[in-house]
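Spelled out, the chains give:
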Amino acid sequence: MLTGADEAISRDGKILILAYDHGLEHGPVDFEPVPRTADPKVVFDLATHDAVTALAVQKGVAEAYYPDYEDEVTLLAKLNGTSNMWSGEPDSAVNWSADYAAEVGAEAIGFTVYGGSNHEIEMIEEFREAQETAREHEMSVVMWAYPRGQGLRNASDPNTIAYATRVAHEVGADVAKVKYPGSSDAMEHAVEVSGRTKVVMSGGSKTDDLDFLRTVESAVDAGAKGLAVGRNVFQRKRPRAILDALEAVIFEEESAEDAVELSGPEPAD
Ligand code: FBP
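Residues numbered from 1 in each chain as written. Predicted model: local features only at pLDDT ≥ 70, side-chain atom pairs only at ≥ 80, totals over all residues.

Peer 1: Got a minute to help me understand helix H5 (residues 120–136) in this structure?
Peer 2: Helical geometry note: an α-helix holds 3.6 residues per turn, so side chains three or four residues apart project in the same direction. With 17 residues, H5 should reach 24 Å at 1.5 Å per residue; the first-to-last C-alpha distance of 25 Å fits that figure. By the burial criterion, the buried members of H5 are Glu120, Met123, Phe127, Ala130, Gln131 and Ala134. For H5, the arc enclosing every buried residue in end-on projection is 105°, short of the 170-degree limit, so these residues lie on one face. When the buried face of H5 is taken as reference, the exposed residues oriented beyond 90 degrees from it are Ile121, Glu125, Arg128, Glu132 and Glu136. (Helix = DSSP H or I, 4+ residues; strand = E, 2+ residues; numbered from the N terminus. Expected span 1.5 Å × (residues − 1). Buried ≥ 20, exposed ≤ 12 C-beta atoms within 10 Å, placed from the backbone. Arc of directions from axis to C-beta.)

In structure tokens, the structure reads:
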């Protein structure tokens, strides 16, 4: 990894990536809680919130919508991705090159590596090409470091998550995005072994405001530099309110309890 290479997607050294590649990864079912989020414009508008340091999208969405937002949004090009219709050993198709992402205006690339998959070798080789090309364009490199595969009994085991952050560091990621390993101690260990690679927590499926903010607070207290989040923002009826609260926890080091006051109660259906 390259010290300082994450600057384009950081604010005061902290990171809040809004992830919106779910249409590919999970399908339109993820837009059902708030149907207007099927329209990428709605999420690009959200990404103009001050708390958001980058928006992660796939190629087609970037090509269609980024030209209208290039002055207001930092683009993170999620280079690979797979649909939920794929049922084989975890793998992720590379859908665009880092060169083309730079042409579209991306300041960072995102790349999934399923450590432990039977496809790990190919994925790491594909990551190498993307990472080295990203360096030519001075783009930040974020790894979605998701241990997953038939050989792994428990992909969220703390030692497995720590292994994932270390692999991300060894192969040159500036930022490793990992699932929360279940406790602040486990997150601390994952951060300790990640060298100078920054660790951010992955949002996960939508939970209650306070539970979610407490988990984020615990990850930040453990040394994580922030969050890469999708559903816990865009599946809320008032997504800007949770971004206000996340800004308080991540950038202003406020407690989850204080921050939740900013998000207020989620309106009923
Ligand atoms: P969420 O915050 O909604 O979990 O999004 C983070 C993310 O990594 C997305 O970029 C991606 O679409 C999704 O999770 C993949 O999740 P999984 O592989 O666990 O289904």
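Anyway, onward from the coordinates.
Peer 1: Help me understand the environment of Thr37 in this model?
Peer 2: Inspection of the secondary structure puts Thr37 in the loop between helix H1 (22–25) and helix H2 (40–46). Residues Thr37 and Phe212, 175 residues apart in the sequence, show an inter-C-alpha distance of 20 Å. If we skip the residues at most four places from it in the chain, Thr37 touches Phe31, Val42, Val43 and Phe234. (Contact = placed C-beta atoms within 7 Å.)

Peer 1: Quick question: what am I supposed to make of the site of the ligand here?
Peer 2: The environment of the ligand is formed by 14 residues, the closest being Ala19, Glu25, Gly203, Gly230 and Arg231. Those elements that provide at least two residues to the shell around the ligand are H1, strand S10 (226–229) and helix H9 (231–234). Residue classes in the shell around the ligand are distributed as 4 nonpolar, 7 polar and 3 charged. (Near = placed C-beta within 6 Å. Nonpolar A, V, L, I, M, F, W, Y, C, P; charged D, E, K, R; others polar.)

Peer 1: Is there a simple way to think about the nonpolar core in this case?
Peer 2: Nonpolar side chains tend to gather and get buried jointly when the protein is soluble and globular. Core analysis: the largest hydrophobic core is formed by 83 residues, its most contacted members being Ile17, Leu18, Leu55, Leu76 and Ile109. If you tally residues by element for this core, the top one is helix H10 (residues 239–251), at 7 residues. With near-sequence residues (within four places) excluded, Leu55 lies in contact with Leu18, Tyr20, Phe44, Ala47, Val73, Thr74, Leu75 and Leu76. (Core = buried A, V, L, I, M, F, W, Y, C linked by C-beta atoms within 7 Å.)

That is the geometry; function is a separate question.
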